[in-house]
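Notes for the structure review
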Number of protein chains: 2
Amino acid sequence: MKEQKTIGIGFIGFGTVGQGVWKHLNAQRETLEARLGVKISFPRIAVKNINRKRDVVVPAGVLTDDPMSVVNDPAVTIVCELMGGTEEAKDYTLAALKLGKVVVTANKALIYKSGRELFDAVSKFGGHYYFEASVAGAIPIIKTLREGLVANRFASIAGIINGTCNYILSRMEAEGKSYEEILEDAKSLGYVEQDDSLDLDGWDAFHKAVILAFLAHGKWVSEDDALVEGIRQVTLEDMHRARDFGYRIKLIGMIRRDFKTGAMSVGVYPALIPLDKTLARVDGVYNAIKLSGDVAGTTILIGRGAGRDATSSAVISDIVDAMIGIRDNAHKFLTKQDLEACKRLGESARMATMDEICSKFYLRISVVDEPGILVGVYNVFAQNNVSIARVITYEHPGERRGTVTMATYPTSEAIMEKVTAELEALPQVRTKPLLLRIYESTRE
Amino acid sequence: MKEQKTIGIGFIGFGTVGQGVWKHLNAQRETLEARLGVKISFPRIAVKNINRKRDVVVPAGVLTDDPMSVVNDPAVTIVCELMGGTEEAKDYTLAALKLGKVVVTANKALIYKSGRELFDAVSKFGGHYYFEASVAGAIPIIKTLREGLVANRFASIAGIINGTCNYILSRMEAEGKSYEEILEDAKSLGYVEQDDSLDLDGWDAFHKAVILAFLAHGKWVSEDDALVEGIRQVTLEDMHRARDFGYRIKLIGMIRRDFKTGAMSVGVYPALIPLDKTLARVDGVYNAIKLSGDVAGTTILIGRGAGRDATSSAVISDIVDAMIGIRDNAHKFLTKQDLEACKRLGESARMATMDEICSKFYLRISVVDEPGILVGVYNVFAQNNVSIARVITYEHPGERRGTVTMATYPTSEAIMEKVTAELEALPQVRTKPLLLRIYESTRE
């Protein structure tokens, strides 16, 4: 029988998620202590304002307004960084890792921005960094990627990983309301990050995709190497046309890797997903990730992507893993050895060129309403050797303009960039055409 | 830097799955060795016939026809029991556990039959037993249940966990063919276990449900305490009527626990699932499991439920976990402590009575074609206080009989047992009515 250790869990940031973690951990404390054979304590919690009224009641004396005192408290072995942000949070995380402590977080923005530096600190100082909650809320995607499906290499990972965008798109379609109208509502419900560009322009999803891409392929992808588009341009009309063509529009994060050529790509964009696919049916704040593995085939995980409890569930899962690691003096997650192996894996990867990234595309082209317009439009496609699969053209009664929507056969990003530029240059085309990707998995 | 250990993996049984594991592990050997910091060897493989031609070529001298020599080989630390069956397989497993070795398996029938004895051996002799592959193929359900969603208690776990039945039901519906016709096809494709009752009568799904129920609630459920029904009674007509009512029919394993009363239930049966639910859309050999957790909310996992590669993926995941456990001399999965905690958890559980297990029900009642028949039928429901939600009654032209299909409001198993008995006793009712359950989750 091993000696029973006491493991102290400290919090930096004690908002919605922090309180959720505290509450649920406390509720299950006895069960967990029995199962793990350790004692759990909560020695110190750093908050902005000690006197603020909170939903959970913590013992007197554990609250502090000095986050560094949580890091430095010898009784704290696991630091839950749940304050958010990328500046101070980084300092505290680094300080804790340098002391060889465990940091558990949901802070995807910080990992995206400073992940390499933080991982270097893990390798150098022997601390540990757990971040299951940073991607897809309650879905245990990082554990599944690294452990459950460890036998696999992933040619593609596609996910609905921003609940806010999924909520907005789902409601637009269900209620026939405009983007602006639903966005207003989502904001009033607190579903949108304060910096709304994080959600609406795809950056939050991109941060998550970068984390998954690193874990799957060992390569850090920067925004210069990726296609990141948000949902602001998507209209109700596009949703109706997508449905006419047999699709629904979702914001997806897409990670592809060609193991023959070494080419990989990471993108976040609104995509048309075939109606009969599971991803097309994941609505509201739910997240979903589809993994195409070379051994397991297709695996799909669906779950709550955000919110106090969903995030708490993932944070607690990390805390339990960390407690086992501390108990046994042997952490499983992202050790120095893992990080080195991961880097080596990344050496065989290179970013795909725009010629290599292929898919079907959807276009919405706004044209003036004159005879012969369509000939000019179709010519651009013909000259670029792009086949058109479906077209719906419609007029706008009372206005001298029409809209052409179409779905193409597979072609490359490079060619479609040329096509849209040439279309835009046509005198009959009124504005830059909207270009969306059509997601069709090849393995199902 | 820890000393680099060599970990020997032995096989008992080297059929489809064994060869798949060997092949994929070999393909990834270097990557895994780098990542884990261990050396992997395959010292010994027990087969029935050494001279049989195989898809994979193994080094000379490792094949043996004596399984016990794999168990006893000092170079073998991990024994993959992939022979199947519940007699010999048990002997080898016990022998390996008694030597403190790790056994990895997909053998759900053995775990169902002898799990308690095998777990006792784990507690007593310090060996380890890993069985991710025993439930839902490539889906990492055991890891998700025990680790990824460790923060949760599960009021319900519902799963499509028998790929063969799902394949048969999916094809019946898609092609409008009879059960017998598709079954024949499934058999010729090798999709049905030799003892076809395992698949078709729900026993295979039940074994898996029992494993999940134990891991989630600490209680071993025997077949006397469970409702186990297969798919033999389900006709195309039922599928059409189900669709008219807004459902599809799937064979599901259902584990419910009421944390207030301590009542739990385990059942396997064909159930009507609302058309708009994800589970209703999982077709073919795919498996899916929906977990309703008190912290994470609903999480759904979908993936390949059987086949060489899907099972290999899960077996390799266990092997990797076991290798880390051996490397660090600290296994995470189902330690003595876990097993004790699990048992304690089970102490607060009791099997629900038939009065406590409630759902909506679907009935198909075959009646003679005479005036006044329906009055008698409806009277039975009225007298038992069961409300009827929907009815479709139809004649069979040329025959003097009709069929009444209906969906009820929620009521208990006990009451429905009484209702069906009373219906059967009516002179106008020709045979015992078919009774199916309607699955509707309460949390979404």
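Every chain is numbered on its own, with residues counted from 1 as its sequence reads. Each chain gets a letter, beginning with A, and each ligand a number, beginning with 1, in the order they are written. pLDDT decides what is reported in this predicted model: residues at 70 or higher carry local features, side-chain atom pairs at 80 or more are listed and counted, and totals for whole chains, interfaces and linings draw on all residues regardless. Values shown for side chains rest on all heavy atoms present in the structure; no hydrogens or waters enter the calculation.

1. Some words on the pattern of salt bridges
Rules: Whenever Lys or Arg places a side-chain nitrogen within 4 Å of a carboxyl oxygen from Asp or Glu, that contact is recorded as a salt bridge. Secondary structure is summarised from DSSP: a helix means a run of H or I of at least four residues, a strand means a run of E of at least two, and numbering begins at the N terminus for each. Only protein chains enter the accessibility calculation, which uses a 1.4 Å probe. A residue is then buried if its area is under 20% of the maximum for its type, exposed if over 50%, and partly exposed in between.
Overall, the coordinates contain 72 salt bridges over all chains when judged by the stated rule. For Asp 283 of chain A, the salt bridge goes to Arg 248 of chain A, with nearest N and O atoms at 3.1 Å. Of this pair, Asp 283 of chain A sits in the loop between strand 11 (263-274) and strand 12 (286-293) while Arg 248 of chain A sits in strand 10 (residues 247-257); the two residues are 35 residues apart in sequence, bridging distant segments of the chain. With relative accessibility at 10%, the residue Arg 248 of chain A sits in the buried group. Residue Lys 332 of chain A pairs with Asp 321 of chain B through a salt bridge whose shortest N-O separation is 2.7 Å. With Lys 332 of chain A in the loop between helix 12 (308-328) and helix 13 (336-347) and Asp 321 of chain B in helix 12 (residues 308-328), this residue pair bridges two chains. For Asp 321 of chain B, a relative accessible area of 10% translates into the label buried. Ionic contacts of the salt-bridge type, sharing partners, join the residues Lys 143, Glu 147, Asp 321 and Lys 332 of chain A together with Lys 143, Glu 147, Asp 321 and Lys 332 of chain B into one network.

2. What about the relation of the copies chain B and chain A?
For the record, the criterion: For this overlay, a least-squares fit was computed on C-alpha atoms, restricted to residues scoring pLDDT of at least 70 in both copies. Should any heavy atoms of two residues lie within 4.5 Å, those residues are considered in contact.
At an RMSD of 0.0 Å, chain B and chain A line up after a rotation of 180° and a shift of 0.0 Å along the axis. On this basis, the relationship between the two copies can be described by a two-fold rotation axis. When C-alpha distances to the rotation axis are compared across chain B, the minimum falls at Leu 301 of chain B, with a value of 2.3 Å. A high fraction, 100%, of the interface residues of chain B reappear at the interface in chain A, so the copies pair face to face through one surface.

3. Comments concerning helix 1 (residues 16-27) of chain A
Residue and element names in this part refer to chain A. Which entries qualify depends on this criterion: Any helix carries an expected span of 1.5 Å times its number of residues minus one.
Between its first and last C-alpha atoms helix 1 spans 17 Å; for twelve residues at 1.5 Å apiece the expected length is 16 Å, and the two agree. Those residues of helix 1 that sit buried are Gly 18, Gln 19, Gly 20, Val 21, Trp 22, His 24 and Leu 25. Among the structural elements, strand 1 (6-12), helix 2 (29-36), strand 3 (45-46) and helix 12 are those in contact with the buried residues of helix 1.

4. Examining a nonpolar patch on the surface
Applied cut-off: Patch membership requires more than 30% relative accessible area and the absence of a salt bridge. Residues of like charge join within 9 Å; the nonpolar side chains Val, Leu, Ile, Met, Phe, Trp and Tyr join within 5 Å. Residue burial considers only the protein chains on display, and all accessible areas are found by Shrake-Rupley using a 1.4 Å probe.
A contiguous nonpolar surface patch, about 200 Å² in accessible area, is contributed by Leu 374, Tyr 378 and Val 391 of chain A. The class for Val 391 of chain A is partly exposed, based on a relative accessible area of 32%.

5. Thoughts on the environment of Asp 238 of chain B
All names here are of chain B. Examined against the element boundaries, Asp 238 turns out to sit in helix 11 (residues 236-245). Residue Asp 238 is classed as buried on the basis of its relative accessible area of 0%. Along the chain, Asp 238 and Tyr 362 lie 124 residues apart, while their C-alpha atoms are 9.2 Å from each other. Sequence-distant contacts of Asp 238, that is, excluding residues within four places in its chain, are made with Gln 233, Ile 249, Tyr 362, Arg 364 and Leu 434.

6. Description of the packing of helix 5 (residues 108-125) of chain A against helix 10 (residues 203-217) of chain A
Axis angle and axis distance: for two packed helices, these are the angle between their axes and the distance between the axes, and together they describe the pair. All names here are of chain A. To be explicit about the condition: Note on definitions: angles span 0 to 180 degrees between N-to-C directions of axes, and those axes are lines fitted to C-alpha atoms, for helices only across the stretch in contact. Note that Gly is not counted as nonpolar here; it falls among the polar residues with everything else outside the nonpolar set of Ala, Val, Leu, Ile, Met, Phe, Trp, Tyr, Cys and Pro and the charged set of Asp, Glu, Lys and Arg.
Closest axis-to-axis distance for the helix 5/helix 10 pair is 7 Å, and the angle between their directions is 35°. Between helix 5, through Lys 108, Ala 109, Ile 111, Tyr 112 and Phe 119, and helix 10, the contact on the second element is made entirely by Asp 204, Phe 206, His 207, Lys 208, Val 210, Ile 211 and Phe 214. When grouped by side-chain class, the residues that make up the contact of helix 5 with helix 10 number eight nonpolar, one polar and three charged.

7. Looking at the packing of helix 1 of chain A against helix 12 of chain A
Residues and elements named next belong to chain A. This is how the line gets drawn: Orientation categories follow fixed angle ranges, with anything under 35 degrees roughly parallel, anything over 145 roughly antiparallel, 65 to 115 roughly perpendicular, and all other angles oblique. Note: crossing handedness is left-handed where the near helix turns anticlockwise from the far helix by less than a right angle, and right-handed where it turns clockwise.
Where helix 1 contacts helix 12, the two axes come as close as 8 Å, and the packing angle between them is 60°. As judged from the angle between their axes, helix 1 and helix 12 are oblique. Here helix 1 and helix 12 pass one another in a crossing that is right-handed. Across from Thr 16, Val 17, Gly 20, Val 21, Lys 23, His 24 and Leu 25 in helix 1, the residues of helix 12 making contact are Arg 308, Asp 309, Thr 311, Ser 312, Val 315, Ile 316 and Ile 319. Residues that form the contact of helix 1 with helix 12 fall into these classes: six nonpolar, five polar and three charged.

8. Quick notes on the side chain of Arg 401 of chain B
Residue and element names in this part refer to chain B. What counts here: Whenever two N or O atoms come within 3.5 Å, that pair is a polar contact, provided that in protein one can donate a hydrogen and the other can accept it, and provided that, for residues adjacent in sequence, both atoms are side-chain atoms.
Position of Arg 401 among the secondary structure elements: in strand 17 (residues 401-408). At a separation of 2.5 Å, a polar atom in the side chain of Arg 401 contacts the side chain of Glu 399. Sequence-distant contacts of Arg 401, that is, excluding residues within four places in its chain, are made with Ser 366, Val 367, Val 368, Asp 369, Glu 395, His 396 and Arg 430.

9. Focus on the interface of chain B and chain A
Basically, it comes down to this: Buried area is understood as the total, over both parts, of accessible area removed when two parts are fitted together, assessed with a 1.4 Å probe.
With 52 residues of chain B at the contact, the number on the chain A side is 54 residues. Between chain B and chain A, a total of about 4,400 Å² is buried, with carbon and sulfur atoms accounting for 54% of that surface. The three residues of chain B that bury the most area against chain A are Arg 35, Lys 332 and Gln 337 of chain B, which together make up 16% of that side's buried surface. Run the count over chain B and chain A and you get six salt bridges.

10. A few points about the packing of aromatic side chains
The criterion, for reference: In summary, the pairing rule links any two rings of Phe, Tyr or Trp, Trp by its six-membered ring, whose centres are within 6.5 Å, and it sorts them by plane angle into stacked for under 30 degrees, edge-to-face for over 60 and tilted for everything else. We call a charge positioned above a ring when the Lys NZ or Arg CZ atom is no farther than 6 Å from the ring centre and deviates by at most 35 degrees from the ring normal.
Evaluation of the coordinates by the stated rule reveals 30 aromatic pairs over all chains. Each ring, one from Phe 119 of chain B and one from Phe 214 of chain B, has its centre 5.4 Å from the other, and the planes form 25°; the classification is stacked. Highlighted residues: Phe 119 of chain B in helix 5 (residues 108-125) and Phe 214 of chain B in helix 10 (residues 203-217), separated in sequence by 95 residues. The residues Phe 119 of chain B and Phe 214 of chain B share a single accessibility class, namely buried. Taken together, the ring pairs connect Phe 119, Tyr 129, Tyr 130, Phe 131, Phe 214, Trp 220 and Phe 333 of chain A into an aromatic cluster. Note that Arg 241 of chain A overlies the ring of Tyr 394 of chain A, its terminal NZ or CZ placed 4.7 Å from the centroid.

11. Observations concerning the confidence of the model for chain A
To keep things clear, this is the line we draw: Along the chain, pLDDT gives the predictor's confidence residue by residue, from 0 to 100.
Of the residues in chain A, 98% reach a pLDDT of 70 or more, and the chain-wide mean stands at 95. Of the two predicted TM-score estimates for the complex, the pTM is 0.96 and the ipTM is 0.95.

12. Description of unusual backbone geometry
Residue and element names in this part refer to chain A. Positive phi is not limited to glycine here, since Asn 329 has a value of about 55°. With respect to the secondary-structure elements, Asn 329 resides in the loop between helix 12 and helix 13. Using a relative accessible area of 66% as the deciding quantity, one classes Asn 329 as exposed.

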